[in-house]
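Residue-level structure breakdown
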Amino acid sequence: MKRWVKRVAVTVLAVLLAVGGYGAWRLGHPAMPEGTQTLPAASRVPDGLTAQYFGTTTLVFRQGRDAVMIDALLSRPGLGNVLFGKLASDSARIEAILRRAGLSRLGLLLVSHTHYDHSLDLAAIAARAGATVAGSTSTGFVAQGGGIPSSRIRTIRGGETLNAGAIRVTVIRSLHSLDDRIPGVVTAPLRQPAGVADYKEGGSFAFLIEHRGTRILVHPSANFVPGMYRGIRADAVFLATGGLSAHPPEFTQRYWRETVTATGAKLVMPIHWDDFLEPLDRPLQPLRRFMDDIPLTMTRIAPLAARDGVPVAYMPVIAPVDIASLAKGLTP
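It should be emphasised that the depicted structure is a prediction, and the values quoted were computed from it without experimental measurement.

**Comments concerning the overall build of the chain**
The secondary structure content of the chain amounts to nine helices and twelve strands. Against the 2.2 N^0.38 benchmark of 20 Å for 332 residues, the chain shows a C-alpha radius of gyration of 21 Å, consistent with a compact globule. Reported as C-alpha extents along the three principal axes, the dimensions of the chain are approximately 85 × 50 × 40 Å. In the chain, which comprises 332 residues, the proportion classed as buried is 54%. For the chain, the proportion of contacts with a sequence separation of at least 24, taken over those separated by at least 6, is 69%. As presented, the chain carries roughly 14,700 Å² of accessible surface, and 56% of it is formed by carbon and sulfur atoms.

Here you go:
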């Protein structure tokens, strides 16, 4: 009897260890493929357009005093808060990040869609930086809920051209990635704290950034409308990769063709690949395994990039990059 009890105990312990190990593996971060390249930060303030990356799909494009932000997630609340709590902008964290970035004024803050990982901090950032917020009607309700006056909210539907000084932005209607877990629209001013499910998608956009002949495409969701970039040329693409691993390789091939090949881009910078549950004062890591398999996606993209002769390189965190020179294939 004692021997039987001991065997059962050993078996139960082994099962518990296996389950615990698998759980830890699923919650952990995978390693990126060998040879991953990161773009160099600018050693001086360039004359042309610069880009700064704040993780997920949050980007800032600047030239002199002109500045445009795409999406707005700087607070990056943790896993427990996202799963079980309510979300609110962290003013101190936002202030510290914007100060580190040297960013005090924004002309435009454009929102690709209103899931929280794209829009949580739009009102807090716009209020601090004096930006006009542009996005869907859902974006307008998120901005209103955060106290942004209607005079600084612009509703877009696709096809508009907006300007922030010398920087021009063309709005392009897009689609959210195939795994949209929170569809729908925001129908009333959204006040914080609010749950993840309150931040509904609200419609998706991509953006073409132009300055003095430099053309940069920001494609924030890993999906496409067939032919959406017909007639549009871009020097470089900020390309969302989140969610691609859950779908057949053929979808990634079509996605690359519709976004990179179609625009003639000569440089691709992945976005929406990092774990946005981790704060920006830590090094960026790929999304946790239970959320996505970013290394698998990148191994699928690698032969497409090699075939087309298009380098794939990651942005540094917050540090400005001379995107105008890099997009033209020049040494910054």
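**What to know about the UniProt feature "domain: Metallo-beta-lactamase" (unreviewed entry) in the chain**
Here the UniProt feature "domain: Metallo-beta-lactamase" (unreviewed entry) sits at residues 55-272. Counting secondary structure, residues 55-272 comes out at 23% helix and 25% strand; the distance between its end C-alpha atoms is 7 Å.

**Quick look at the layout of surface pockets**
Taken as a whole, the largest pocket encloses approximately 650 Å³ of empty space. Taken together, 27 residues form the lining of the largest pocket, with Asp-117, Asp-179, Arg-181, Phe-276 and Met-291 sitting closest to its centre. Contributing elements (two or more residues each) for the lining of the largest pocket: α2 (79-84) and α4 (116-119).

**Let's talk about the nonpolar core**
Counting 104 residues, the largest nonpolar core has Phe-61, Tyr-116, Ile-209 and Phe-238 as its most contacted members. Those residues within four positions of Phe-61 in sequence are excluded, and the remaining contacts are Leu-49, Thr-50, Ala-51, Asp-66, Ala-67, Val-68, Ile-70, Ile-167, Ile-209, Ile-216, Val-218 and Phe-238.

**Notes on the pairing of strand β9 (residues 204-211)**
Counting buried positions along β9 gives eight out of eight residues, so the element sits mostly inside the fold. Burial along β9 is two-sided: the residues Ser-204, Ala-206, Leu-208 and Glu-210 and Phe-205, Phe-207, Ile-209 and His-211 are all buried. Sheet topology note: the strand β8 (residues 167-174)/β9 ladder contains seven bridges and is antiparallel. Looking across to β9, one finds that Arg-173 is bridged to Phe-205. Hairpin connection, β9 to strand β10 (residues 214-219): the antiparallel pair is bridged by two residues, and Arg-212 has positive phi, about 50 degrees.

About the criteria used
Residues numbered from 1 in each chain as written. Predicted model: local features only at pLDDT ≥ 70, side-chain atom pairs only at ≥ 80, totals over all residues. Heavy atoms only, no water. Helix = DSSP H or I, 4+ residues; strand = E, 2+ residues; numbered from the N terminus. Rg over C-alpha atoms; globule rule 2.2 N^0.38 Å. Buried < 20%, exposed > 50% of the residue type's maximum accessible area, 1.4 Å probe, protein only. Contact = heavy atoms within 4.5 Å. Areas by Shrake-Rupley, 256 points an atom, 1.4 Å probe, with all protein chains shown as cover. UniProt positions renumbered as here; feature names shortened; annotations may be inferred. 1 Å grid on protein atoms, 1.4 Å probe; cavity = no way out; pocket = protein on both sides within 12 Å on 5 of 7 lines; lining within 4 Å. Points joined across faces, edges and corners; volume = space filled by probe spheres on them. Core = buried A, V, L, I, M, F, W, Y, C linked by side-chain atoms within 4.5 Å. Pairing = 2+ DSSP bridges.

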